[in-house]
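The lines below spell out each chain.
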Amino acid sequence: MENIYGYTLEMLEEYLASIGEKKFKANQLYDWLYKKRVNSFDDMTNVGKATIQKLKEHFSLEKIEIVTKETGKDVSKYLFNLHDNNKIEAVLMYHDYGTSLCVSSQVGCNMSCSFCESGRLKKVRNLEAYEMVQELLLIEKYENVRISHIVLMGIGEPFDNYDNVMKFIDIVNCGKGIELGARHITVSTSGIVPKIKEFAKSDKQVNLAISLHASNDELRRKLMPIDKAYPLDTLMDAIKEYIGKTNRRVTFEYIMLDHVNDTKENALELVNLLKGMNCYVNLIPYNETSHIDFKKSSQERIMNFYDILKKNNINVTIRREFGSKVSAACGQLRANHEEAK
Ligand code: SF4
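Residues numbered from 1 in each chain as written. Predicted model: local features only at pLDDT ≥ 70, side-chain atom pairs only at ≥ 80, totals over all residues. Heavy atoms only, no water.

### Overview of the side chain of S190
Tracing the backbone shows S190 in the loop between β10 (185–189) and α6 (193–201). Those residues in contact with S190, other than ones at most four positions away along the chain, are M111, E157, S211, R220, M224 and I226. (Helix = DSSP H or I, 4+ residues; strand = E, 2+ residues; numbered from the N terminus. Contact = heavy atoms within 4.5 Å.)

Dropping the structure here:
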């Protein structure tokens, strides 16, 4: 059986055509699933009995389960149990402009970034599109809110699960269903160059963020092993290609690690790397964890770094700190739930 929440509208149309049904019924199904949010095929009252029977034979409506919720100021972290008892987390943040959900895309992660608590658990498997869709559906129901923004920055490297992530984006973006605007969706990558190039050709209007975190290869290699496969010049070429094709602005995420990547020289190197590019830099105060030795840069060091970028005409913001009390901050998912292997 296939989980129907993993089907894009197009896939559903193709399926319906394959069983001799009219394609437009896919619109009706999307309406029941994502507008009316029913939990049973029997509740889809405008769909004929024979069609319902076929749907029941082919599809499941099975959901993942919320196990726990932790709450901090303007933030809630959810732990989910998957059908195979693997666990993932998602974080809901309340902003003045709406609510954003940080979605996990894998169980564990193979990228081994040295500052990341989430990546201490190696990848067990990719998430299916339906599991990502259900992170959103279940939290919306539980909180009784409409999520306005999605960031694919939870556990996992989204571009290491490219096809399912693209399917997920199509499903939540579809105008017949959840209808979350493409410009309200951000996919973040540690820098898998071939996938950045593929993404550039995909014609999706969603935002791209790059986890950069270093201003030169030597440093980046220490923090993010992916730099060995795709060093900065290769990465920057791919990003320029992406910007050239899409005309979209790219975000660079930069975690501020005390006396590691936050010096004046680092700031100037970063300016050199990014000058003239259609981008902005998001400086992220590091969330210290009990398992990893890095410390958070002082406010003064963050401000000095910020000022150098600003003076050199690089668009830059400092991310508001969310959820460090509930281990819901960037790079901390699953930190305390279960010891990473
Ligand atoms: S920062 Fe992201 S890509 Fe790196 S190990 Fe953590 S989850 Fe994986």
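### Observations regarding unusual backbone geometry
One non-glycine residue, R37, lies in the positive phi region at around 60°. For R37, the location among the structural elements is in the loop between α2 (25–35) and α3 (49–58). Note on R37: relative accessible area 22%, which makes it partly exposed. Of note in this structure, N144 is not a glycine but carries a positive phi near 55°. Secondary-structure assignment places N144 in the loop between α4 (129–143) and β9 (149–152). (Buried < 20%, exposed > 50% of the residue type's maximum accessible area, 1.4 Å probe, protein only.)

### Let's talk about the site of the ligand
In the region of the ligand, seven residues are neighbours, and C109, M111, C113, C116 and G156 sit closest. In terms of residue class, the shell around the ligand is built from four nonpolar, three polar and no charged. (Near = heavy atom within 4 Å. Nonpolar A, V, L, I, M, F, W, Y, C, P; charged D, E, K, R; others polar.)

### As for the packing of aromatic side chains
Here the structure, examined in full by the defined rule, presents 11 aromatic pairs. Where F199 meets Y242, the ring centres are 5.9 Å apart and the plane angle is 5°; that geometry is what we call stacked. One end of the pair, F199, is in helix α6; the other, Y242, is in helix α9 (residues 232–246), and 43 residues separate them in sequence. Take F199 and Y242: they sit in the same class, and that class is buried. Joined through ring pairs, the aromatic side chains of F159, Y162, F199 and Y242 make up one cluster. Directly above the aromatic system of W32 lies the positively charged group of K36, at a separation of 4.5 Å from the ring centroid. The residue whose ring lies beneath K195 is Y162, and the NZ or CZ to ring-centre distance is 4.9 Å. (Phe/Tyr/Trp six-rings, centres within 6.5 Å; stacked < 30°, edge-to-face > 60°. Lys NZ or Arg CZ within 6 Å of the ring centre and 35° of its normal.)

### A closer look at the pattern of salt bridges
Evaluated as defined, the whole model comprises 23 salt bridges. For D31, the salt bridge goes to K36, with nearest N and O atoms at 2.4 Å. A salt bridge links K197 to E241; the shortest N-O distance between them is 3.5 Å. Taken together, the residues K197 in helix α6 and E241 in helix α9 connect sequence positions 44 residues apart. Looking at K197, the relative accessible area reads 32%, which means it is partly exposed. With relative accessibility at 28%, the residue E241 sits in the partly exposed group. Within the structure, one salt-bridge network assembled from shared partners comprises E21, K25 and K54. (Salt bridge = Lys/Arg side-chain N within 4 Å of Asp/Glu carboxyl O.)

### Side note on the pairing of strand β13 (residues 279–285)
Most of β13 sits inside the fold, with six of its seven residues counted as buried. Of the strand pairs in this sheet, strand β12 (residues 250–256) and β13 are connected by seven bridges, and their pairing is parallel. Across the sheet, the residue bridging to Y254 is L283, located in β13. Strand direction decides the pairing type here: β13 and strand β14 (residues 315–318), joined by four bridges, are parallel. The partner of Y280 across the bridge, within β14, is N315. (Pairing = 2+ DSSP bridges.)

### Description of the side chain of T251
Counting through the fold element by element, T251 comes out in strand β12. The exposure class assigned to T251 is buried, which follows from its relative accessible area of 12%. Discounting chain neighbours no more than four positions away, the residues touching T251 are L208, A209, I210, Y280 and N282.

### Observations concerning the packing of α4 against helix α5 (residues 162–173)
Axis separation between α4 and α5 bottoms out at 8 Å; the angle between their running directions is 45°. Taken together, the axes of α4 and α5 lie oblique to each other. Two packed elements cross with a definite hand, and for α4 against α5 that hand is right-handed. Of the residues in α5, those touching α4 at A129, M132 and V133 are N164, V165, K167, F168 and I171. (Axes fitted to C-alpha atoms, helices over the stretch in contact; angles between N-to-C directions. Parallel < 35°, antiparallel > 145°, perpendicular 65-115°, else oblique. Left-handed = near helix turned anticlockwise from the far one by under 90°.)

### Looking at α9
Here α9 is 15 residues long and its end C-alpha atoms lie 21 Å apart, about the 21 Å a rise of 1.5 Å per residue gives. Regarding α9, the residues found buried are L232, L235, M236, A238, I239, Y242 and I243. Down the axis of α9, the buried set is contained in an arc of 160°. They therefore lie on one face. The exposed residues of α9 that point more than 90 degrees off its buried face are D233, D237 and G244. As for α9, its buried residues are in contact with α6, β11 (207–211), α7 (217–223), α8 (226–229), β12 and α10 (264–274). Of the residues flanking the end of α9, it is N247, one or two places downstream, whose phi is positive at about 60°. (Expected span 1.5 Å × (residues − 1). Arc of directions from axis to C-beta.)

### Let's talk about the sheet that holds β9
Spatial ordering of the open sheet is given by β3-β4-β5-β6-β9-β10-β11-β12-β13-β14, a layout of 10 strands whose pairing is mixed. Both edges of this open sheet fall to β3 (65–72) and β14, since each of them pairs with a single strand only. Each neighbouring strand pair of the sheet contributes to a mean axis angle of 20°, computed without reference to strand direction. As judged from the three bridges shared by strand β6 (residues 98–102) and β9, these two strands associate in the parallel manner. What sits directly across from S100, in β9, is H149. Its contacts with the sheet put α5 on β9 and β10, and the angle it makes with β9 is roughly 180°. Of the strands in this sheet, β12, β13 and β14 are in contact with helix α11 (residues 299–311), which crosses β14 at around 165°.

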